[in-house]
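Architecture at a glance
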Amino acid sequence: MVLPTAPEVAIVGAGAAGIAAARECAALGLSCLVVEAMGRVGGRAFTEDARLGAPFDHGASWLHLADANPLVPLARALGLRLVDSDAVRERRVVVGPRRATPEEVAALEAAMARFDATVAARAAAAADLPLAEAVPRGGFWDATVAHRQGPLISAAELGELSLRDFAANALGPPNLMPEAGVGALVRRLAQGLPIRTGVPVARIRWGGQGVVLDTPEGALAARACVVTVSTGVLGAGGIAFDPPLPQAVREAVAGLPLGLLTKVAFRAAGEDRLDLPPFAALWRRVDSPEEAAMSFHAWPFGRDHLVGFVGGRAAWELARAGPAATEAFAREELARCFGAARVARALRAPAAVVTDWGANPFVRGAYSYARPGCAGARAALAGAALAGGRLRFAGEACHTWLAGTVAGAWESGRAAARAVAAALG
Ligand SMILES: Cc1cc2nc3c(=O)[nH]c(=O)nc-3n(C[C@H](O)[C@H](O)[C@H](O)COP(=O)(O)OP(=O)(O)OC[C@H]3O[C@@H](n4cnc5c(N)ncnc54)[C@H](O)[C@@H]3O)c2cc1C
């Protein structure tokens, strides 16, 4: 493909938001060029096939809220197989080394419902509190539910999260898993688009008539620009802006830092599947929401891999300690349920794939959360219209109710493309 050298729209980043923005530009008849720092497309949607002998998503693996998710019809149109994870998975809950009783599991369901009801009530009534101040406490399962909603799902501690922003997010079922991987789906959706990979944008000049991107391969001039890099990259100054970004945009970015969620993927060494059926979710009871703990997703699609998840402060600490420490922690977590000797026999060693999104300079975390008091930051960043509306921001952090997801990134990319198209007349 001959790539345009002076496109109407320059798009920074070829993750879900950038790819959606490029497709929207094409649909609107605008020429565009996507400039991507990494050597591949997809950003935080990345499927690796090599090390586990089967597709493994380092980042997103579920298409949440399938009935409203724009990626679902696109995946179906490509003929990709999607499995309803909630319909096929068994939730295996453990208390110490034993399985929870049916009564305890019922109590867990009740605690989850109580958490949702309490958050919804406080979000409507109060100022934008830290989520930690609004969660039920003292019940047998309350800390476990809070740990799931904080570190494991939001990738941050409860005290760091805006209650209002958390309550606004519609992360719900059906949760579909593409058999080929979410990263593979996003890569397919990028086919045929004008994308340059391996070209990091160092600076964006937006004070003149158009917008100019400075890269190691020279300057790229465009009439308009959509910036889709993470708020982690924006907040760390990964791209310089000339003139500097207005105070309101900098405040919105500062209000939306990235949390961390790390995956540890093991392969079975033999036939032992730890008595877990394919797609099983393994949860354990915790004593405090801040406890370092993992949950696991077993043998998806009957494959021989088992994936652990750790989020929030524990994930950052383990990332600093390195992949061997993270793998050792995951083994300790499994040993609580199955005993160290069985875990050592059942899983290949030392061969886990440990993701490290925090160290990737072009991402710097997993996905965004809003700090307490910053529930309006997503709308502020998505609505920022610089250079007469010709410079806009998009990405998962810019969606108000699908934040942190591929779907939110996709929709925000489309919206930003439509907005710059309108500004260009
Ligand atoms: C472990 C993990 C699990 C997740 N699970 C799910 C899930 O199950 N379901 C779900 O919906 N979501 C999930 N997510 C979130 C989802 O992956 C993201 O919300 C989404 O992929 C973000 O897309 P984006 O386009 O906003 O950003 P990105 O994917 O980060 O794309 C931005 C792009 O900009 C590029 N870039 C950065 N700096 C520069 C520069 N200077 N010049 C040029 N390019 C640059 C980056 O390399 C990147 O490719 C998960 C994420 C992680 C990390």
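Thresholds applied
- Residues numbered from 1 in each chain as written.
- Predicted model: local features only at pLDDT ≥ 70, side-chain atom pairs only at ≥ 80, totals over all residues.
- Heavy atoms only, no water.
- UniProt positions renumbered as here; feature names shortened; annotations may be inferred.
- Salt bridge = Lys/Arg side-chain N within 4 Å of Asp/Glu carboxyl O.
- Helix = DSSP H or I, 4+ residues; strand = E, 2+ residues; numbered from the N terminus.
- Buried < 20%, exposed > 50% of the residue type's maximum accessible area, 1.4 Å probe, protein only.
- Pairing = 2+ DSSP bridges.
- Contact = heavy atoms within 4.5 Å.
- Axes fitted to C-alpha atoms, helices over the stretch in contact; angles between N-to-C directions.

Looking at an unreviewed UniProt entry, one finds the protein chain named Tryptophan 2-monooxygenase and attributed to Caldovatus sediminis. Recorded in UniProt under Pathway (unreviewed entry), the annotation for the protein chain is "Plant hormone metabolism; auxin biosynthesis." In its Sequence similarities (unreviewed entry) section, UniProt records this for the protein chain: "Belongs to the tryptophan 2-monooxygenase family."

What follows concerns the pattern of salt bridges. Using the criterion set out here, one finds 26 salt bridges in the structure. Here Arg313 makes a salt bridge to Glu157, at a shortest N to O gap of 4.0 Å. With Arg313 in helix α10 (residues 312-321) and Glu157 in the loop between α5 (142-154) and α6 (163-168), this residue pair connects regions lying 156 residues apart in the sequence. Taking the relative accessible area as the measure of exposure, Arg313 reaches 42% and is therefore partly exposed. The exposure class of Glu157 is buried, given its relative accessible area of 6%. The partner of Arg336 in a salt bridge is Glu333, with the nearest N and O atoms 3.4 Å apart. With Arg336 and Glu333 both in helix α11 (residues 323-338), this residue pair falls 3 residues apart, about one helical turn. For Arg336, a relative accessible area of 44% gives the class partly exposed. With relative accessibility at 3%, the residue Glu333 sits in the buried group.

Strand order in the open sheet made by the 7 strands is β7-β6-β16-β17-β18-β15-β19, with mixed pairing throughout. The sheet terminates laterally at β7 (98-99) and β19 (353-354), the two strands that pair on one side only. Of the pairings in the sheet, the one linking strand β16 (residues 281-284) to strand β17 (residues 295-298) comprises 2 bridges and is antiparallel in character. Bridge pairing in β17 places Leu282 opposite Phe296. This element, α5, spans β15 (261-267), β16, β17 and β18 (305-311) of the sheet and lies at about 90° to β18.

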